[in-house]
Amino acid sequence: MIPVCWKRWRLMKTSRPKFKVEAVEFSYSYGDVTALKKVNLGVKKNSLITIMGPTGSGKTTFLRALNRLNDLVGQTSHSGKLLLDGKDVYDRGTDVADLRRKVGMVFAVPTPLPMSVFENVAYGPRKKRVTSKGAIVELVEKALQAAALWDEVKDRLDMPAQRLSGGQKQRLALARTLAVEPEVILLDEPTSGLDPVSTLKIEELMKRLAGSYTIVFVTHNPQQAARLEGEVAFLYMGEMVEFGLARELFTRPRDRRTEDYITGKVG
Amino acid sequence: MSIKDKPGKQPGNRPGNEPRNLMKQQRQQAVRSANLRKQKTAVACLSMAALITGAVLVFVFGYIIVRGLPVINLRFLFTAPLRMGREGGIFPAITGTLVLTALSILIAAPLGIGAAVFLTEYTRETGFSRAIRVGTETLAGIPSIIFGLFGFAFFVIYLGMGWSVLAGSLTLACMMLPTIVRTAEEAIKSVPLAYREVSLALGASRWQTVTSVVLPQAASGIATGIVLATGRAIGETAAVIFTAGSSLRLPHSLMDPVRTLPVHFYILAREGISPENAYGTAAVLLIAVLLINFVAHYTVKKLFGGGGAAGE
């Protein structure tokens, strides 16, 4: 009895979680449709990982499980563990709002809230009960600069955000997320509706931000995954097929399905 | 059109096919002219329907105004009635209508909006929420006299409120609830899901999402529902006679009985007290309803700009 406890205590004391985000045998299903099958994945702190896979492979489900946005959907079930800093996000005691502040998300379709550019970025901090006007102004400017949008909108912060261009909207969504000061940023095919130039801007931003945030970038596009460098995970039909550094995975794929996907035979 | 009409299927320039082509052309011609006839009939019928609707409106409105307007002057609007309404004005009735309507909105709007928010944002489609929905829908179809009877039995007698502003307002609020809940629900549902997701993903709580994103977006739709319900309440007669009474005196507290404009009109006309003053009252009511609708519409447009969720 005692040694067991001792071991546990040692474990708790000494082992800091190796990964910022970790999935252990994580499965997720909607009703009787299984979206993720025993996924194992570890993401180190302040690194960039790209999850690629065809439509319906479970990429979005993974992201939305991680910030528990899938709670909105009825009749879901999950098993295994999904850890953030070593703590299961599905633990009973999880404060979901707090979790979502730590794990920010940028959606596939850029959706500015129906308010001004400034208010869009200030939205998160305000909900976090940041009340001082000065602090909010500062946060907004910092976030917009980090998202490389500041120069384009600094003179028209009061403009309705709907009037921004598609690429700007998506960078606004990123700025909005950054303003909450998250630790992890999830991006769900953020460039799927953007032109090549805007896409490039987002990709460059990702590489720049990777040093200070843990970034999980989802895409269906293998070229994009290659461009983003960092680590790549290939998700196919809810299974984690392969996981590794981009240059290795793209030059020497171990699995047949990965090879087919990156050479464009399937997907 | 059938498969036969597809150009690829018909080897048109073979000589043997000419009579068949001719027949086909004739047939198409016939179909075309039949369609044209139908089109013309439809336009005629529809424009007739629109015309009749317009005419009814103009006729009713014109009739009341023409008969009522001569009676209306400042004295009529701002003095108390004399000799049971044969002479004098309708000031107490105007006050009664305003107070009763305002109070019933104050009671029904928060309740209705609250229920709608609960049904749309806080519950999934369960037996409970479905039961509430069916309940409100049934409530909307119940004749107002039944509401009056209920108000009389429950508020007036059982709760001992007597004929009073409060009992009347509560009864009217019950009548307004279904309309407000239904329209508010529709308005809230029309707010794109993406807004909620964005708000939640930024760490806002459910309640914060409702108050800062969903309700502002649904506001114009909700306001329209309240105006609609108000229109029904302001013209309500049966339920009001039962619950607010028909006192001709100015109310001094919530527990005083009042008479509203429609009740005043009803009594004047029914008892043959003064047809002129009855029409005057009706005209005032009609103009008030129009005014309220117009002002509400204008304010909603000004405040929320056109459609509810016109964001995307």
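Residues numbered from 1 in each chain as written. Chains lettered and ligands numbered in written order. Predicted model: local features only at pLDDT ≥ 70, side-chain atom pairs only at ≥ 80, totals over all residues.

So, the overall build of chain A
Okay, step 1: Within chain A one finds eleven helices and ten strands.
Okay, step 2: By the compact-globule yardstick of 18 Å for 267 residues, chain A fits well, its C-alpha radius of gyration being 19 Å.
Okay, step 3: Dimensions along the principal axes, computed over C-alpha positions, put chain A at roughly 60 × 50 × 35 Å.
Okay, step 4: For chain A, with 267 residues in total, the buried portion stands at 43%.
Okay, step 5: Counting only contacts in chain A whose residues sit at least 6 apart along the sequence, the fraction spanning at least 24 positions is 69%. (Helix = DSSP H or I, 4+ residues; strand = E, 2+ residues; numbered from the N terminus. Rg over C-alpha atoms; globule rule 2.2 N^0.38 Å. Buried ≥ 20, exposed ≤ 12 C-beta atoms within 10 Å, placed from the backbone. Contact = placed C-beta atoms within 7 Å.)

Regarding the overall build of chain B
Okay, step 1: The helix and strand inventory of chain B stands at eleven helices and two strands.
Okay, step 2: Mapped in sequence order, the helices and strands of chain B form the string α-α-β-β-α-α-α-α-α-α-α-α-α.
Okay, step 3: Against the 2.2 N^0.38 benchmark of 20 Å for 312 residues, chain B shows a C-alpha radius of gyration of 28 Å, more extended than a compact globule.
Okay, step 4: Expressed along its principal axes, the backbone C-alpha trace of chain B runs to roughly 95 × 60 × 35 Å.
Okay, step 5: Within chain B, the proportion of its 312 residues that are buried is 36%.
Okay, step 6: Restricting the contact set of chain B to residue pairs at least 6 apart, pairs at least 24 apart contribute 75%.

Side note on the interface of chain A and chain B
Okay, step 1: At the junction of the two partners, chain A supplies 20 residues and chain B supplies 16 residues.
Okay, step 2: Here the side of chain A that touches chain B is built from residues that sort into nine nonpolar, six polar and five charged. (Nonpolar A, V, L, I, M, F, W, Y, C, P; charged D, E, K, R; others polar.)

So, helix α7 (residues 193-201) of chain B
For the α-helix, the turn length of 3.6 residues means that residues three or four positions removed from each other point alike.
Okay, step 1: Buried within α7(B) we find Y195(B), V198(B), S199(B), L200(B) and A201(B).
Okay, step 2: Of the residues trailing α7(B), G203(B) is marked for its positive phi of about 90°.

Quick look at the sheet that holds strand β6 (residues 103-106) of chain A
Residue and element names in this part refer to chain A.
Okay, step 1: Judged by pairing direction, the sheet is mixed, and its six strands sit side by side in the order β6-β7-β8-β3-β9-β10 without closing on themselves. Strands with a single pairing partner mark the edges of an open sheet, and in this sheet they are β6 and β10 (239-245). Strand-to-strand twist of the sheet, defined as the mean angle between neighbouring strand axes without regard to direction, takes the value 20°.
Okay, step 2: Of the pairings in the sheet, the one linking strand β3 (residues 48-52) to strand β9 (residues 231-236) comprises four bridges and is parallel in character. Considered in β9, the bridge of I51 is made with A233.
Okay, step 3: Strands β6 and β7 (184-188) of the sheet are contacted by helix α7 (residues 166-179), whose axis makes an angle of about 170° with β6. (Pairing = 2+ DSSP bridges. Axes fitted to C-alpha atoms, helices over the stretch in contact; angles between N-to-C directions.)

Section: the nonpolar core
Okay, step 1: L66(A), A143(A), A175(A), L186(A), V216(A), M176(B) and I180(B) are the most contacted members of the largest nonpolar core, which totals 139 residues.
Okay, step 2: In terms of residue count, helix α6 (residues 165-189) of chain B provides more of this core than any other element does, 15 residues in total.
Okay, step 3: Setting aside anything within four residues of it in sequence, one finds A175(A) in contact with V121(A), A143(A), L144(A), A146(A), A147(A) and L149(A). (Core = buried A, V, L, I, M, F, W, Y, C linked by C-beta atoms within 7 Å.)

A look at helix α4 (residues 127-141) of chain B
Okay, step 1: Between its first and last C-alpha, α4(B) extends 21 Å over 15 residues, near the 21 Å set by a 1.5 Å rise per residue.
Okay, step 2: Judged by how many residues are buried, α4(B) sits mostly at the surface: one of 15 residues are covered. (Expected span 1.5 Å × (residues − 1).)

Section: the sheet that holds strand β2 (residues 33-43) of chain A
Residue and element names in this part refer to chain A.
Okay, step 1: With antiparallel pairing, four strands are arranged side by side in an open sheet as β2-β1-β4-β5. For this open sheet the edge positions go to β2 and β5 (87-88), each flanked by a neighbour on one side alone.
Okay, step 2: Two elements, strand β1 (residues 21-30) and strand β4 (residues 76-84), share eight bridges in a ladder whose sense is antiparallel. Each residue of the ladder has a partner; that of S29, found in β4, is S77.
Okay, step 3: On the sheet, helix α2 (residues 59-66) packs against β1, β2 and β4 and is oriented at approximately 70° with respect to β2.

Quick notes on the packing of helix α4 (residues 117-127) of chain A against helix α5 (residues 133-146) of chain A
Residues and elements named next belong to chain A.
Okay, step 1: For the pair α4 and α5, the least separation of the axes is 9 Å and the interaxial angle reads 115°. The handedness of the crossing between α4 and α5 comes out as right-handed. Between α4 and α5, the contacting residues are F118, V121, A122, P125 and R126 on the first element and I136, L139, V140, A143 and L144 on the second.
Okay, step 2: Residues of the contact of α4 with α5, tallied by class, amount to nine nonpolar, no polar and one charged. (Left-handed = near helix turned anticlockwise from the far one by under 90°.)

Details of the confidence of the model for chain B
Residue and element names in this part refer to chain B.
Okay, step 1: In this model, chain B carries a mean pLDDT of 86, and residues with pLDDT of at least 70 account for 91%.
Okay, step 2: Low pLDDT, under 50, characterises residues 1-6; the stretch is placed with two contacts to residues that sit more than four places away or in other chains.
Okay, step 3: Here the predicted complex scores 0.79 on pTM and 0.88 on ipTM. (pLDDT = per-residue confidence, 0-100.)

So, the packing of helix α3 (residues 91-122) of chain B against helix α8 (residues 206-234) of chain B
Residues and elements named next belong to chain B.
Okay, step 1: Following both chains from N to C, one finds α3 and α8 inclined at 140°, their axes separated by 9 Å at the closest point. Compared by their axis directions, α3 and α8 come out oblique. Regarding α3 and α8, the two cross each other, and that crossing is right-handed. The residues of α8 that touch α3, namely those facing T97, T101, S104, I105, A108, A109, I113, V117 and E121, are R206, V210, V214, I222, I226, A229, T230, A233 and I234. (Parallel < 35°, antiparallel > 145°, perpendicular 65-115°, else oblique.)

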